Amino acid sequence: MQQESNPTLFKKYAILHILWVCIAWIAAYDLFRCMVDGEAFLATEINPIVIAVYSLLGNSLLLFCLAKFVSSVVTMTALLAIRRHEWARPIYVAIAGFQLLVLLSYCPVVNPL
């Protein structure tokens, strides 16, 4: 079996590379906003999983941000590890879609009334 050249691999997986960068960028932005808006973020958080993790970490914003960072690194590494599998594209798309929803949650809601 002949190995594909790097340019061929890049073309074949270009969409996954683009999605990977978008996922990483949104994760970094989410972490930044969590650090900057920490107190307001925690006061308005309604996700029970986030609340449970925050409580489990002793209500420490620093530990919570560290946990977000570590989980992002693990996720990004896992995405790189699976990128050559046939089922990688749906996983990338699902995670990118979720990250897009996270990004949209930071957009101000415009009330047309």
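Since we're looking at a predicted model, the values are computed, not measured. (Residues numbered from 1 in each chain as written. Predicted model: local features only at pLDDT ≥ 70, side-chain atom pairs only at ≥ 80, totals over all residues. Heavy atoms only, no water.)

### Comments concerning the layout of surface pockets
If you add up the space inside the largest pocket, you get close to 870 Å³. Taken together, 26 residues make up the lining of the largest pocket; nearest its centre are Asp30, Val50, Lys68, Phe98 and Val102. Among the elements of the structure, helix H2 (14-36), helix H3 (38-44), helix H4 (48-56), helix H5 (61-82) and helix H6 (88-104) are those that each provide at least two residues to the lining of the largest pocket. With seven residues, the single largest contributor to the lining of the largest pocket is H5. Looking at the lining of the largest pocket, its residues break down into 14 nonpolar, seven polar and five charged. (1 Å grid on protein atoms, 1.4 Å probe; cavity = no way out; pocket = protein on both sides within 12 Å on 5 of 7 lines; lining within 4 Å. Points joined across faces, edges and corners; volume = space filled by probe spheres on them. Helix = DSSP H or I, 4+ residues; strand = E, 2+ residues; numbered from the N terminus. Nonpolar A, V, L, I, M, F, W, Y, C, P; charged D, E, K, R; others polar.)

### Some remarks on the confidence of the model for the chain
On average, the chain scores 86 in pLDDT, and the residues at 70 or more come to 89%. Mean pLDDT across the elements of the chain ranges from a minimum in helix H1 (residues 6-12), with 71, to a maximum in H5, with 94. (pLDDT = per-residue confidence, 0-100.)

### Considering the packing of H2 against H5
Contact pair H2 / H5: the axes reach a minimum separation of 10 Å and the direction vectors enclose 180°. Our classification of the angle between H2 and H5 gives roughly antiparallel. Residue-level contacts link Trp20, Ile23, Ala24, Ala27, Asp30, Leu31, Cys34 and Met35 of H2 to Leu61, Phe64, Cys65, Lys68, Phe69, Ser72, Met76, Leu79 and Leu80 of H5. Grouping the constituent residues of the contact of H2 with H5 by class yields 14 nonpolar, one polar and two charged. (Axes fitted to C-alpha atoms, helices over the stretch in contact; angles between N-to-C directions. Parallel < 35°, antiparallel > 145°, perpendicular 65-115°, else oblique. Contact = heavy atoms within 4.5 Å.)

### As for H5
What sets the pattern is the α-helix's 3.6 residues per turn: residues three or four places apart point alike. Between its terminal C-alpha atoms H5 stretches 32 Å, which fits the 32 Å expected from 22 residues at 1.5 Å a residue. Considered for burial, the residues of H5 that qualify are Phe64, Cys65, Lys68, Met76, Leu79 and Ile82. Summarising the axial view, the buried residues of H5 lie within an arc of 130°, below the 170-degree limit, and thus occupy one face. Pointing more than 90 degrees away from the buried face of H5 are the exposed residues Leu62, Val74 and Ala81. Summarising the contacts, the buried residues of H5 are in contact with H2, H3, H4 and H6. (Expected span 1.5 Å × (residues − 1). Buried < 20%, exposed > 50% of the residue type's maximum accessible area, 1.4 Å probe, protein only. Arc of directions from axis to C-beta.)

### What about the pattern of salt bridges?
Under the defined criterion, the tally for this structure stands at two salt bridges. Where aspartate 30 meets lysine 68, a salt bridge forms, and the shortest distance between an N and an O atom there is 2.7 Å. Placement of the pair is aspartate 30 in helix H2 and lysine 68 in helix H5, with a sequence separation of 38 residues. Just as aspartate 30 is buried, lysine 68 falls in that class too. (Salt bridge = Lys/Arg side-chain N within 4 Å of Asp/Glu carboxyl O.)

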